Amino acid sequence: RALREGLHHDLGNMGDPRLYSVCYVGTKRLIDDYVEEVCVALQFLCRHPKSSMLPAQQLDFFKAILLSYGRPALLMSGGASLGAFHLGVVKALWEQDLLPQVVAGSSAGSIIAALLGTHTDEELPEFFDPENLNLKPWKWAGILNGLRGRGFMEQSKLRESIRYYIGDYTMQEAFERTGRSVNITVSPVKHQQKERLLSGYTSPNLMMWSAALASCAVPSIFPPVQLQQKDEKGNHAAYMPNMRWVDGSVVSDL
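Residues numbered from 1 in each chain as written. Predicted model: local features only at pLDDT ≥ 70, side-chain atom pairs only at ≥ 80, totals over all residues. Heavy atoms only, no water.

Explain the overall build of the chain here, please?
Scanning the chain for helices and strands turns up 9 helices and 7 strands. Across the 254 residues of the chain, 37% fall into the buried class. (Helix = DSSP H or I, 4+ residues; strand = E, 2+ residues; numbered from the N terminus. Buried < 20%, exposed > 50% of the residue type's maximum accessible area, 1.4 Å probe, protein only.)

This is the structure we're talking about:
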């Protein structure tokens, strides 16, 4: 019970930034000793044959710890074409085997999040070469279209580019393929609506590419997007047909 209640990130304020504002090398010895002791105790409960916990109790215990302790998540915001810099972050984490299973993205970051959600670890390296990725699908749509609220840029070129890289996976299909939980934010056009966090939990049948397209729909630059889903027959259909969505970073970002 003591171990169960002592597993959270800020026990005894060990996460307080003031603890680390004087000495910039190494960690505090007391905290280091505590973390090491916790690891030894967890290893004992997991592997020791004389542990008083039955296998079912062990499983429940570690499931509870996972929920209590939480998981790291990678959050990627917008930045237009500068969003490609997120790839450098992903590459560095991937090379160190530190890429989280939970990924969130908005605007340009949603494209990189969707790439992670639809491609396995073995498939990712091909995207780390800048020459293999085109994230500048700009095509001028004309001043009149922009003034009429249809966007100054042609959206079809952006849609084709995103679908080419992401494929026709739903949020649930992507999770089953890669094991990564992708979360994409979108903002409403109508004021009475709220922003949404789209994921395999909230919108399992939603097409991943349409979520990224909507999250990249910068107001006045691109027109609002109608989300797409895969119906029970595998056909594409409108998701919330009366709703249109724009850039995820407009209302609440991440």
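Honestly, empty space enclosed by the protein in this entry has me stumped. Any pointers?
Remark: the empty space left among the atoms is shown by a probe the size of a water molecule rolled over them. Scanning the entire structure with this criterion turns up 1 cavity of 30 Å³ or more. The volume enclosed by the largest cavity comes to roughly 40 Å³. In this structure, the largest cavity is lined by L87, V90, I112, L115, L116, L124, F127 and F128. If you list the elements that add at least two residues to the lining of the largest cavity, you get α4 (86-95) and α5 (108-118). (1 Å grid on protein atoms, 1.4 Å probe; cavity = no way out; pocket = protein on both sides within 12 Å on 5 of 7 lines; lining within 4 Å. Points joined across faces, edges and corners; volume = space filled by probe spheres on them.)

Even after reading the chapter, I still don't get the packing of α4 against α5, so can you show me in this structure?
How two helices sit against one another is set out by the angle between their axes and by the gap between those axes. Where α4 meets α5, the axes come as close as 10 Å, and the angle between the chain directions of the two elements is 35°. Crossing angle aside, the handedness with which α4 passes α5 is right-handed. Along its contact with α4, which presents H86, L87 and V90, the element α5 presents G109, I112 and L116. Across the contact of α4 with α5, the residue classes break down as 4 nonpolar, 2 polar and no charged. (Axes fitted to C-alpha atoms, helices over the stretch in contact; angles between N-to-C directions. Left-handed = near helix turned anticlockwise from the far one by under 90°. Contact = heavy atoms within 4.5 Å. Nonpolar A, V, L, I, M, F, W, Y, C, P; charged D, E, K, R; others polar.)

Looking at this structure, I do not really get helix α3 (residues 55-69). What am I missing?
Residues lying three or four places apart along an α-helix face the same way, a consequence of the helix completing one turn every 3.6 residues. Along its 15 residues, α3 runs 21 Å from first to last C-alpha, staying within 8% of the 21 Å computed at 1.5 Å per residue. Within the span of α3, buried status applies to Q58, F61 and I65. Here the buried residues of α3 occupy an arc of 65° about the axis, which is enough to place them on one side. Summarising the geometry of α3, the exposed residues directed more than 90 degrees from the buried face are A56 and L67. Residues of α3 that are buried make contact with α1 (2-5) and α2 (29-47). Just past α3, the residue G70 takes up positive phi, approximately 80°. (Expected span 1.5 Å × (residues − 1). Arc of directions from axis to C-beta.)

What is the right way to read the packing of aromatic side chains from this model?
The description of an aromatic ring pair rests on the distance of the ring centres and on the angle between the ring planes. Under the criterion given, the structure shown has 4 aromatic pairs. On the basis of an interplanar angle of 75° and a centroid distance of 5.2 Å, the ring pair of Y164 and Y165 is categorised as edge-to-face. A relative accessible area of 67% means that Y164 is categorised as exposed. Counting every residue linked through ring pairs, the aromatic cluster contains F127, Y164 and Y165. (Phe/Tyr/Trp six-rings, centres within 6.5 Å; stacked < 30°, edge-to-face > 60°.)

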